[in-house]
Each structure stands twice: as C-alpha cells, then as structure tokens.
Amino acid sequence: MSRPVRASATPRLVGRAGEVAELEAELRRSSTGEVRCALVTADPGVGKTRLCAEVLVRNRRSTLGLRARALPLGGTASFALWAEALERHLAECDPDTVRELCGGVLADLTGLLRSVAAVHGDGPGREPPRLRLLAGLTTVLRNLARDAPVVVFLDDVHLADASSLDALSYLARNLAGSRVLVLAAARPAELAANAVASETLLGLEQDGIMRRLALTPLEREHVRTLVEVVLGQDVAPEALVEWLFERSRGNPLFAIGLLRSLIDEGADLDHPRLNRLPEEMSQRVRTRTRTLDGPALATLELLATFGRRVGLEELVHVGGRTLEELGSILEALLRQRLVIEEERDARISYEIAHPVIQETIYQDMAGARRRAMHAVVARALVQSGGLAAAAPHFVRSAAVGDREAISTVIEAFRQAEARESYHEALALLDALLALIPVGDARWLEVLDVMAPGAEWVVDHTGDTEAATGIEALRRIEAQLEGSPDLARRGLAKLRLGVFLAFSTGDAAAAARAGTQARELFESAGQRAQALVAVNELGWFAGIAGDHAAQAIAARSVLADAEELGDRVLTLQALASVAWTSWLLGNFADAEAAMRRSMALARAEGKLYRLTWSQSFLALSLALVGRLDEADALLREARIDNPAYADTTLLEIAVWCNWIAGRFPAAAEAWRESQSWTRGSTSSRRGWGIPVAAVSMVELGDREAARACLVRATETKPWQVTADLCTWASGCLAERPQDRVPRLLEAVDQMRAQGCLPLAAFASVDLAEAALDGADAGAARRATRALQEMTTRAGGSTLSTPELNHALFRGLAELALACERLAAAESEDAADLARRAAGRFGGLHTEAFHGRALHVLGRALAPRHPDEGRGALVAAIEVFTECGAEGRRERSLQALAALGQAGRRAASARAGLRELTPRQRDVVRLAVEGRTAREIGGRLHIGERTVETHLANAYVKLGVASRVDLVRRAQELGV
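Rules and cut-offs
- Residues numbered from 1 in each chain as written.
- Predicted model: local features only at pLDDT ≥ 70, side-chain atom pairs only at ≥ 80, totals over all residues.
- Heavy atoms only, no water.
- Helix = DSSP H or I, 4+ residues; strand = E, 2+ residues; numbered from the N terminus.
- Buried < 20%, exposed > 50% of the residue type's maximum accessible area, 1.4 Å probe, protein only.
- Contact = heavy atoms within 4.5 Å.
- Lys, Arg positive; Asp, Glu negative; His and termini not counted.
- Charge placed at Lys NZ, Arg CZ, Asp CG, Glu CD.
- Pairing = 2+ DSSP bridges.
- Axes fitted to C-alpha atoms, helices over the stretch in contact; angles between N-to-C directions.
- Arc of directions from axis to C-beta.
- Salt bridge = Lys/Arg side-chain N within 4 Å of Asp/Glu carboxyl O.
- Expected span 1.5 Å × (residues − 1).
- Phe/Tyr/Trp six-rings, centres within 6.5 Å; stacked < 30°, edge-to-face > 60°.
- Lys NZ or Arg CZ within 6 Å of the ring centre and 35° of its normal.
- Core = buried A, V, L, I, M, F, W, Y, C linked by side-chain atoms within 4.5 Å.
- Left-handed = near helix turned anticlockwise from the far one by under 90°.
- Nonpolar A, V, L, I, M, F, W, Y, C, P; charged D, E, K, R; others polar.
- Disulfide = S-S within 2.5 Å.
- Polar contact = N/O pair within 3.5 Å; in protein donor to acceptor, adjacent residues only side chain to side chain.

Comments concerning the overall build of the protein
Logical step 1: Regarding its fold elements, the protein presents 52 helices and 8 strands.
Logical step 2: In terms of overall dimensions, the protein has a C-alpha envelope of 105 × 90 × 50 Å along the principal axes.
Logical step 3: The buried share among the 974 residues of the protein stands at 55%.
Logical step 4: Taking the contacts inside the protein whose residues are at least 6 apart along the sequence as the reference set, 69% of them involve residues at least 24 apart.
Logical step 5: A gap of 3 Å separates the mean positions of the 117 positive and 127 negative side-chain charges of the protein.

Here's what the structure looks like:
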C-alpha cells in the first residue's frame, strides 16, 4: 500500500457509543436538579480522558464545562482541583459577574481563587476555616448552575489531594437541587493505592450519588474503524488491523501511536512492521516501571524474554528464586497492573499485561543481557523437556551453526512431525532457517525428520505459514542435487509443490515440482508415494481452474488406493472426488464420497478428515435444499472436534447460512473464522470469503463486504475463489449498470470452469440486475446460461440429475421470470415467479423465497394490484426476518410505487419496523380487542402508559385510530 499523504491529527471517538450514552444519561439526570457523579476507570491509554472530554464537547452549547487535572505534586495546595476548574472559568468573567457568582463569600475565596482576589481588591489574608471554604465553593457552583447545567471533569483523580477529595464529598452532598454533574477519571491500580480517594468515591457510590464505569479496550472492529478514520480510507488493510489489534490489545492510544509510527517510517501498511516502538509510548511504560526495585524489574525482564504466558513452576525454575520470594514480587507487579495472572485447573501462569510494556522492557535490555537471558531460558526449557519452546530462545542466543542449538531444534522438529503439529513444525523450521547456514549438510538431517506421509502436508493445513517451508525445501533441494537417493528427492519435491500451490497460488511451479516428485517416486519403486503425488497434482490442476482434470485424477487415485488397501490415501482421494463433484454439480457423487470418507475417518481416528467430510457433506446437502440435515451435520462436527475451526467448517457454515437466507448467522460464522485465524489469509478458506462478502451486502454493511473482498484477494486465491470474488464484487456494486458487467464476467468464468452451481447462483443475480437496469439483453444471457448449463450437463433443460433439484429448478424459474418481466411479459413472469416462490418456500431457503415474491409482486402489480401488494408485503416480511436490508428497501420502494394503497402499505411496513418491543405488544393486544385496562394488566403497565404507546404507534404506522388499526391489521402484519 502506498504511504498515506496525511493522517488525521485528532481522530473522532470510536467504539464508545454505549459509554457516551451512559454518561449523557447521567447528565440528563443532573439536569433535573439531581447532583450526580460518574467515575470512569481505565488503564493508561484506554481513553477515559478522551471519553469525558467527548461528553463535554458534545454538550458545550447547553452546559457549562469545567475541567481540572490532578498532578503528582498537587497535594501541597488546598482544594487544588476545584481551584483550577473554577479559575479557568472565572478568569474569563467580568468583575460584576465574579461578584454575583460569589455572593456573600467573596472574601472567603480570595486566598483560593486569583480572579476573586483581583475583584475583591485586597490580597489574600488569613485563610478562613475549612467549612467556610467548602461553603464558598458550594455557593459558586450553585450560582453557576442557575443559568445552565454544570459539568465538572476531574481528570486523574487518583492523584487528587485530600482536600479536593473532601470537597468532592461535601459538594456532592450539599448541592441538592443544583444541576451539577461531576465526571471523574482514574487509573484503577493507582486509585486502589490511594486510600483517601478510594474511600471517598466508595462512599459516594454507596450513597447512590456516583456511578462507576469501567472502560474496556476496543474490540477488533472498533480498531478497524479507528484505522480507517486515522488514514481517511474506506477500508483498512486486514493485516494492518490485525497487527495493531494484537499489539495494542484494543488500547486506542497505543493503536494510534503505533499506526502513526508506521506512517512516519514509511512502512508498507499491507505488511506492517515497526523497527522500534515510538519513544512517547516507551516513555509512558518507563514512567510506570521507574519505581520498581531490582528483583521486580528482573522478573519483568524474564517475562519479557519469554514473550508469552509462563507457568509459575517455570518462573521458579528459570528465575532462580524461591516460591516465597517470587510470590511477593509477583503480588506487587499485579497490584501495579504490569502483570496479569491466570489460574486454570490448578495451574497458575503469568504474562506482562500488555505487548507494548513487554516490547519496551525487552528493547531497554542491553543486547548482551538479552542474549544471556535467552540462553538461560533455552537451557532451562531443555532441562524440563520443552524442546520446542526452547527453539526460539536458542535462535536469539546462539550463533549461526551452533551445534547444541541446531541439535536441540532438530529433535524438537522430529517430535512435532510425529505429533502432526504443523504450527509447531513450521515454527521450528523457521528457527532452523536462522541457525543452519545455506549449503550446510545438516539440512539433510532436517529432511530425514520429515515424515513421508505427513497428513498435515496433504491436508494442506500449513498454507498460511508455507513461506518458511518453501525456503527450507529450497535449501534441502540444493543439498540433494545429483543425489542417487530418489525417494528423498521425491519427498522434497512433493512438499515443495504442496507449499507452492496452497501458499503462493503458483499452480504451474507446483505442477512442475509435483510431476518431478511422481517421476522420482516411480523410479524409486514407491507406488503409494507416487499416487500421493498424482492426487496432489489433481489439486494443483483444480487450483488453476481445471476441475475436470482434478476429478479424473481423483477417481484414478481412488481406484488404485483401494487396490493397494491404503486407507489413508483412500481418504485423500475421496476428499478430492467430493470437492470436484459438488463444484461440477454432481451432488449425488459428492454425497456418496463424503459418507464413505466419514465412515473411514471415524474408523481410522482421523479427526481433521472427519470434520472436513462432515462439513462438505453438509454443503452438498444444502445445495439440494436439505438444510435441516446440513445444519445437523455441522452441529455434529462441532461436537466431534473441539478444534473444528482449524478445518473449513466455518467457511462452509457461511455457505449453508447464505443459501438458507440466514445472513446474520453467515456473518457470525465469518467473524468466528476471522477470530480463529487471527488475520492470516488461507487459500483453503479463501473460497468461503466472497460468500461472507455477499452476506454482508445483503445485511446492508457494504464496508464489511469490501473488507471481506480485500481479505479474499490476499489469499492468493484459487481460480474458483477469483471467480467468486468477481461475483461478489458485482453484488457489491450499487447501480444495476455497474452490477451487470461484473456479474456477466462471473457467470462466464464459472461456466468456463464447469462450476455449474456457482454459475447458477450468479446467473440469478445477473437476471435480477438486468431487470433492475431494464437490460433485457443481459437478462436473456442469464437465462440462456442456465439453460445451456443444464443441457451441457447431459440432458434437456431443467431435467438433468445434476441440476434437477428443486433449488436449482427454482433458480432457473426465478431468472426466467426476471427475463420475462424485463420484456414486459408480466403474466408469464408471474407464473414463473409463483412456481419459484413455492419451491423456495418448501425448501426454507428464505432469501430466495423473498426474491421470488418480490418479482411476483412486480409482475402482478399492473393487472392485479391487490395481489401484487400482497406479494410485496410478504417479500418485505421475509427480508426483514433475513436481515436483508437492501432487498427490504427495494421491496418497500416497489410497494410505494403502487398508488395510494401501496404507499400506505409501504409506510405501514416501514413504521412497524420502528415500533419498540413494548409498542408491538400493546398493538397486538389492541388488535385482539383488549381494552387499555386489560392491556395494562397483561403487560403490568398503567392505562395511561398503554394509551401513550398506542398514540406513538399510530403515528409510526400511519393510522388514525384504534378502529383504523384493527381494520388494517392484516395489511400492517400485526
């Protein structure tokens, strides 16, 4: 990404709408004459000051805002906070106003407020008794509140002097009837350490005067919005959002600081990396750690060196302190919120509270000390059996070529391969890249550790971290050049091909490596390994878009695997058969392959493959309208495999929910997947992302849809993913004339690849876009595409086994209805749309049902207006349930275009959406004929409240009276 020209200097407040609403609710209470206090607590940088300042700014026209900030050395001045807050305002007032505000206490305040002393004329004399000063402050605030509500913001109140805290307590209890709100902000750790402040605030809380609001860090989506605001862009790079969220932990100050440092360094925001933390942020951390003693700082340095959560036993073992000594140190660090503790299943662990704190402490250690600390940690972990955990510490402490480090990491790699732990295996390979020089013979030892049949390789689960594997295998290839050991060379080639195909998307290079692997295995007499290579070559062809070639290879390998009795290879071949079958529209073959795969995976104890098979069977069933069975399978898969999110189950859940028209559920499945992958992009998941984007479009969230598409393009997509992205971008376009060309392109791409189901879905979208744009030619192309696909599949139109299912028959009828309506053949269009609606309704594919009803309403409207209105009203109800905001609005517009009756119906449907849940209950009971008293009794509210709810509902629904409401109840849908 090119560097932004400029970033926003003061970005707007993000992610705090709920908190602002709570504070403004307190302001409304205080505006009635009830003195209120609100305490906002949060760690440094989370935004407590920004939040309170936002409330002041939002209400500056209707309130008088006063603010002051407590300082570390502010305890020597009496009532310092209140003096600062009032002085800022009084300094801008004319003398008469100051006299009026102070009333009879002018002389008492001369020693406290310079502006008062200037008006009084005499210098400060002997300070009056404390109670007279408090009474004077009360008088000034009460007089200020006569003209407008007063909001006093006291920042960093944990540092406040005792007299200012006494004044807060006194004022809160003696300003009864005055319109005063006190906003106080404090850091929780420091507040807990200030006994006077804690007791004062707790007393106000117990008296019901104060409300406490604990501010939490921002969620990931709020960080995304913050990035977009700072950069002034519509869509933030996904990798940047994930990087900032992980390092800032939702702390907005840290997130903005890190982002601006990236910009200042000219970093690539699509691949963010910061050379060093911003000095301002590091200085904030140093201020918090400055008072630590030697043992506490050493413990923090040890935790920073680990760089992760550490068990108590590990800390005792590595740190060289007794449990009692370490316990005392950790207790102090916990109180200062520099460390967080977690206790789970009797195991206690610790980590530094924030990545910025960890990085600052780590950077401040001298290089020699860092290396020494890593060496200590590495050897201690080896002694306790933690070879894998020791590897990164060896990398940071050992020189390149170090024998002890390399030997340890290779042994850890051996263990990870044996456990099929691919994340760990790839992390260890990354460590070996740093330790073993290019051309070193020890790379052959690494190859010998690689399991020939490692399932995590042929399951393609290491695709997001494959760059490490590619570099390691390139080095191994160089060592093997000219070697007579054909099997070892074949293994290296096969792994390299898999990583190239599923990581870089370079199917041609992958095919060359795979072909060489097959030839080497065949020459070495290793038939089973040669078949594995053939199966992978099929996947490489599929990635390039040749699904027919993949299907042929998969069926050939399946037959040979069954002949050999190789059950693992049979599972791999069945997966390829199933994948190509559903893509090509052969749903019965896909179901048969997946049911065989499920049975075999259970028998072999292959949990990943079992979940994969259950998920794809669910997709195949959903594509033929068997949604209940599909949902049951996905639930079963989640129960069977707690690590289901590491498969493609969530992406398939997106698909199934989209087909069913459950768009909020589709979006939720996408968010769960995104949370699991932590921002990484995976080619095996990529084909699910465009469907998530289309679901976001249906929900009316175009920004989220664009973010999904950005994420999909980052996956170095398979051809099928690229085709789906073209389709999704067409759905995302707002104008029909922009949608049509993109959808035409998508349909042509999908047909060329033989992906009949995908092309059918895209053709319906094309037909609808053509109808909306009055493009009869494009509508004909859409229906012709559906007809040609079904004919090409081996039979007459709408009669092939592949696309003879009710769902696809309905899609064809809906597309043809759009074409007929675009050609002004409304009667034919109505007949086709009615048949399609009946099919979709029976299958519970709700959004398609609503789409058919929408077309039906438009087709009926010219000759049968009442029926047309009824169909459009039904469509609106369906879209409301689905959350399809854009389609709901289009149906409302179509309804409003049908004369006065249509406008009334549209207004009513829009108004119904605006009713509160309580208003809906009242209206429903009123339609049943209940009196106001009966309704109140049922709902436990008063009769007058019932009448108020009804009056408000009448306005929203556009009815004149209860009689009118009852008469139009069916039309209104209540």
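Let's talk about the sheet that holds strand 1 (residues 36-41)
Logical step 1: Pairing within the open sheet is parallel, and its 5 strands lie in the order 2-3-4-1-5. For this open sheet the edge positions go to strand 2 (64-69) and strand 5 (210-214), each flanked by a neighbour on one side alone. Neighbour to neighbour, the strand axes of the sheet diverge by 15° on average, direction disregarded.
Logical step 2: Where strand 2 meets strand 3 (residues 150-155), 6 bridges bridge the pair, whose relative direction is parallel. In the sheet register, Ala68 faces strand 3, and the bridge partner there is Leu154.
Logical step 3: Lying on the sheet, helix 2 (residues 48-58) is in contact with strand 1, strand 2, strand 3, strand 4 (180-186) and strand 5; it crosses strand 3 at an angle near 165°.
Logical step 4: Seen against the sheet, helix 9 (residues 195-206) touches strand 1 and strand 5 and runs at an angle of roughly 115° to strand 5.

Thoughts on the sheet that holds strand 8 (residues 347-352)
Logical step 1: If you trace the 3 strands from one edge of the open sheet to the other, you get 6-8-7, paired in antiparallel fashion. One side of each edge strand has no neighbouring strand; the edge strands of this open sheet are strand 6 (310-311) and strand 7 (339-344).
Logical step 2: With 6 bridges joining them, strand 7 and strand 8 adopt antiparallel strand pairing. Directly across from Ile340, in strand 8, lies its bridge partner Glu351.
Logical step 3: On the sheet, helix 16 (residues 323-335) packs against strand 7 and strand 8 and is oriented at approximately 115° with respect to strand 7.

Brief notes about helix 49 (residues 932-939)
Logical step 1: Those residues of helix 49 that sit buried are Ala932, Ile935, Gly936 and Leu939. Buried residues along helix 49 cover an arc of 100° about the axis, so they all sit on one side.
Logical step 2: Remark: His940 follows helix 49 within two positions and exhibits a positive phi of approximately 60°.

Structural notes on the pattern of salt bridges
Logical step 1: Following the criterion strictly, the structure yields 73 salt bridges and no others.
Logical step 2: Put simply, Glu819 and Arg820 hold a salt bridge, and the shortest N to O gap is 3.4 Å.
Logical step 3: Overall, the relative accessible area of 23% leaves Arg820 in the partly exposed class.
Logical step 4: A cluster of three or more residues bridged by salt bridges with shared partners is formed by Glu22, Glu26, Arg29, Glu34, Arg36 and Arg211.

A few points about the environment of Phe499
Logical step 1: Checked against the element boundaries, Phe499 lands in helix 25 (residues 486-504).
Logical step 2: The buried category is assigned to Phe499, whose relative accessible area is 4%.
Logical step 3: Taking the C-alpha atoms as reference points, Phe499 and Ala346, separated by 153 residues in sequence, lie 41 Å from one another.

Section: helix 32 (residues 627-640)
Logical step 1: Between its first and last C-alpha, helix 32 extends 20 Å over 14 residues, near the 20 Å set by a 1.5 Å rise per residue.
Logical step 2: Where helix 32 is concerned, the buried positions are Leu627, Ala630, Asp631, Leu633, Leu634 and Ala637. Each buried residue of helix 32 lies within a common arc of 160° when the element is viewed along its axis, so the set occupies one face. Among the exposed residues of helix 32, those oriented more than 90 degrees off its buried face are Asp628, Arg635 and Ile639.

Considerations on the pairing of strand 4
Logical step 1: Among the 7 residues of strand 4, 7 are classified as buried, and the element is accordingly described as predominantly covered.
Logical step 2: Residue alternation in strand 4 divides its side chains into two sets, Val180, Val182, Ala184 and Ala186 and Leu181, Leu183 and Ala185, and both sets are buried.
Logical step 3: Across 6 bridges, the pairing between strand 1 and strand 4 is parallel. Counterpart to Arg36 in the pairing with strand 4 is Leu181.
Logical step 4: As defined by bridge partners, strand 3 adjoins strand 4 across 5 bridges and the pair is classed as parallel.

Description of the side chain of Thr845
Logical step 1: By the element assignment, Thr845 lies in the loop between helix 43 (826-843) and helix 44 (846-860).
Logical step 2: Leave out the neighbours within four places in its chain, and Thr845 touches Leu627, Ile659, Ala660, Leu807 and Phe840.

Structural notes on the packing of aromatic side chains
Centre-to-centre distance and the angle between the planes together describe a pair of aromatic rings.
Logical step 1: Counted by the stated rule, this structure contains 21 aromatic pairs.
Logical step 2: Note on Phe761 and Phe848: the rings are 6.0 Å apart at their centroids and 20° apart in plane angle, and the pair reads as stacked. Residue Phe761 is found in helix 40 (residues 756-772), and its partner Phe848 is found in helix 44; the two are separated by 87 residues along the sequence. Like Phe761, the residue Phe848 is buried in the burial classification.
Logical step 3: The side chain of Arg370 reaches across the aromatic face of Tyr362, ending 5.3 Å from its centre.
Logical step 4: The side chain of Arg609 reaches across the aromatic face of Trp612, ending 4.9 Å from its centre.

Points about the nonpolar core
Logical step 1: Counting residues in hydrophobic clusters, the biggest one holds 242 residues, and the most contacted among them are Val446, Trp579, Trp582, Trp658, Ile659, Trp687 and Trp727.
Logical step 2: Those residues within four positions of Ile659 in sequence are excluded, and the remaining contacts are Leu619, Ala622, Leu623, Leu627, Phe761, Leu807, Thr845 and Phe848.
Logical step 3: Ala68, Leu90, Val119 and Ala145 belong to the second largest nonpolar core, which has 52 residues in total.

Re unusual backbone geometry
What is expected of a backbone is that most residues other than glycine have negative phi and most peptide bonds are trans.
Logical step 1: One non-glycine residue, Arg249, lies in the positive phi region at around 55°.
Logical step 2: Here Arg249 is to be found in the loop between helix 11 (238-248) and helix 12 (252-265).
Logical step 3: Phi at Ala824 takes a positive value of approximately 65°, unusual for a residue other than glycine.
Logical step 4: Among the secondary structure elements, Ala824 is positioned in the loop between helix 42 (806-822) and helix 43.

Side note on the environment of Val532
Logical step 1: If you trace the backbone, Val532 turns up in helix 27 (residues 527-543).
Logical step 2: Residue Val532 is classed as buried on the basis of its relative accessible area of 10%.
Logical step 3: Separated by 38 residues in sequence, Val532 and Leu494 place their C-alpha atoms 8.8 Å apart.
Logical step 4: Setting aside residues up to four positions removed in sequence, Val532 forms contacts with Val458, Leu494, Leu569 and Gln572.

Overview of the packing of helix 19 (residues 387-397) against helix 20 (residues 403-419)
Logical step 1: Two elements in contact, helix 19 and helix 20, have axes whose closest approach is 9 Å; the angle formed by their N-to-C orientations is 145°. Considering only the axes of helix 19 and helix 20, their crossing is left-handed. Across the interface between the two elements, Leu387, Ala388, Ala391 and Phe394 from helix 19 touch Glu404, Ala405, Thr408, Val409, Glu411, Ala412 and Gln415 from helix 20.
Logical step 2: Residues of the contact of helix 19 with helix 20, tallied by class, amount to 7 nonpolar, 2 polar and 2 charged.

Overview of the environment of Arg146
Logical step 1: Residue placement: Arg146 occurs in helix 6 (residues 130-147).
Logical step 2: Residues Arg146 and Ala416, spaced 270 residues apart in sequence, show a C-alpha to C-alpha distance of 73 Å.
Logical step 3: Look past the residues within four positions of Arg146 in its chain and what remains in contact with it is Glu100 and Arg179.

Focus: the state of the cysteines
Logical step 1: Applying the stated criterion across every chain, the model contains 0 disulfides.
Logical step 2: Note on Cys102: no disulfide assigned, nearest cysteine sulfur contributed by Cys93 at a separation of 9.6 Å.
Logical step 3: Using a relative accessible area of 0% as the deciding quantity, one classes Cys102 as buried.
Logical step 4: With no disulfide of its own, Cys656 has Cys882 as its nearest cysteine by sulfur position, at a separation of 15 Å.
Logical step 5: Taking relative accessible area as the criterion, Cys656 reaches 1% and is therefore assigned buried.

Comments concerning the side chain of Arg16
Logical step 1: Take Arg16: it is sitting in the segment before helix 1 (17-30).
Logical step 2: When its relative accessible area of 5% is taken as the criterion, Arg16 is described as buried.
Logical step 3: Reaching out from Arg16, the side chain makes a polar contact with the backbone oxygen of Val46 at a distance of 3.0 Å.
Logical step 4: Look past the residues within four positions of Arg16 in its chain and what remains in contact with it is Val46, Leu51, Leu215, Thr216, Pro217, Leu218 and Pro252.

Note that every value here comes from positions in space, so none of it alone points to a role or purpose.
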